[in-house]
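# A closer look at the structure
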Amino acid sequence: MTYPQRSIQSFVAEHFVPVKLLLNRTQDQAHFRAYRVIWTPTVVIMDRRGAAHYQSPGYLPPELFLPMLRIGLARALTAWARYDEAAAHLSAVADEAGPLAPEALYWLGVAWYLQARRRAPMMRAWNRLRDEYPASIWAARVPPNQDEGPEP
């Protein structure tokens, strides 16, 4: 099982309030509908107000579960304009060069852009994404010609 891993338990304890809901428990079913969870297990990362910022369906082994949690946390932090913290988590995932690195690089570019409102920081992450993971779905999401044109 993934959750019993100490590194995951520590990360969850430091950054989240975990809630376990069961699909076959009547009192939990409203939550599944509210957050559009149709498969279990599904991790939904929410902020303190209950707004969902990230969802990850299905089982992940520990080496992927922790990076997924970092990306989900970073997405919530970005929504609250906590860009430096979000960037730290996303950079950690990107620097591991694992399967979730392309997604982390994409959102790192977004966080850097939102922080500075400048294209250059965003393009540092997105150029790395296109260079290191050109065939990824995340590199395909980078619009063409982002390097061109003056800063806004």
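Above this text sits the structure in question.
This text gives an overview of the structure that appears in the document. Bear in mind the structure is a predicted one, so any value in this text is a computation, not a measurement.

Conventions adopted
Residues numbered from 1 in each chain as written. Predicted model: local features only at pLDDT ≥ 70, side-chain atom pairs only at ≥ 80, totals over all residues. Heavy atoms only, no water. Pairing = 2+ DSSP bridges. Helix = DSSP H or I, 4+ residues; strand = E, 2+ residues; numbered from the N terminus. Phe/Tyr/Trp six-rings, centres within 6.5 Å; stacked < 30°, edge-to-face > 60°. Buried < 20%, exposed > 50% of the residue type's maximum accessible area, 1.4 Å probe, protein only. Lys NZ or Arg CZ within 6 Å of the ring centre and 35° of its normal. Axes fitted to C-alpha atoms, helices over the stretch in contact; angles between N-to-C directions. Parallel < 35°, antiparallel > 145°, perpendicular 65-115°, else oblique. Contact = heavy atoms within 4.5 Å. Nonpolar A, V, L, I, M, F, W, Y, C, P; charged D, E, K, R; others polar. Salt bridge = Lys/Arg side-chain N within 4 Å of Asp/Glu carboxyl O.

### So, the pairing of strand 1 (residues 42-46)
Bridge analysis of strand 1 against strand 2 (residues 52-57) gives five bridges, and the strand direction is antiparallel. Within the sheet, the bridge partner assigned to threonine 42 lies in strand 2 and is proline 57. Linking two consecutive strands that pair antiparallel, namely strand 1 and strand 2, is a turn of five residues; a positive phi of about 90° is found at glycine 50 within it.

### A look at the packing of aromatic side chains
The final tally for this structure, using the stated rule, is five aromatic pairs. The interplanar angle of 55° and the centroid separation of 6.1 Å between the aromatic rings of phenylalanine 11 and phenylalanine 16 together place this pair among those described as tilted. With respect to class, phenylalanine 11 is no different from phenylalanine 16; both count as buried. When the ring of tyrosine 106 is compared with that of tryptophan 138, the centres are 5.4 Å apart and the planes differ by 50°; the resulting orientation is tilted. Linking tyrosine 106 in helix 5 (residues 101-116) with tryptophan 138 in helix 7 (residues 137-140), this pair joins segments that are 32 residues apart in sequence. Assessed through its relative accessible area of 14%, tyrosine 106 is described here as buried. Of the residues examined, tryptophan 138 reaches a relative accessible area of 16% and is grouped as buried. Of note, arginine 48 hangs over the ring of tryptophan 80, and the distance from its end group to the ring centre comes to 3.9 Å. Here arginine 141 stacks its cationic end above the ring of tryptophan 138, 4.3 Å away from the centre of that ring.

### Brief notes about the environment of asparagine 127
Assignment of secondary structure puts asparagine 127 in helix 6 (residues 119-132). Separated by 57 residues in the primary sequence, asparagine 127 and arginine 70 place their C-alpha atoms 21 Å from one another.

### So, the packing of helix 5 against helix 6
The contact between helix 5 and helix 6 brings their axes to 7 Å, and the two run at 175°. Our classification of the angle between helix 5 and helix 6 gives roughly antiparallel. In this structure, helix 5 uses Pro102, Leu105, Tyr106, Leu108, Gly109, Val110, Trp112, Tyr113 and Ala116 to contact helix 6, whose residues at the interface are Arg119, Pro121, Met122, Arg124, Ala125, Trp126, Arg128 and Leu129. Here the residues of the contact of helix 5 with helix 6 are counted per class, giving 13 nonpolar, one polar and three charged.

### A look at the pattern of salt bridges
A complete count under the given rule lists four salt bridges for this structure. Aspartate 95 is the partner of arginine 128 in a salt bridge, and the nearest nitrogen-oxygen pair spans 3.2 Å. Of this pair, arginine 128 sits in helix 6 while aspartate 95 sits in helix 4 (residues 83-96), and the two are 33 residues apart along the sequence. Salt bridges sharing partners connect three or more residues here, namely Asp95, Arg128 and Glu132.

### Some words on unusual backbone geometry
Each neighbour pair has its own omega, and for threonine 40 with proline 41 the value is -5°, a cis peptide bond. Checked against the element boundaries, proline 41 lands in the loop between helix 2 (29-34) and strand 1. Backbone geometry places alanine 81, a non-glycine residue, at a positive phi of 60°. Accessibility expressed as a relative area gives 46% for alanine 81, which makes it partly exposed. With a phi close to 60°, alanine 97 is a non-glycine residue in the positive phi region. Turning to its location among the elements, alanine 97 is positioned in the loop between helix 4 and helix 5.

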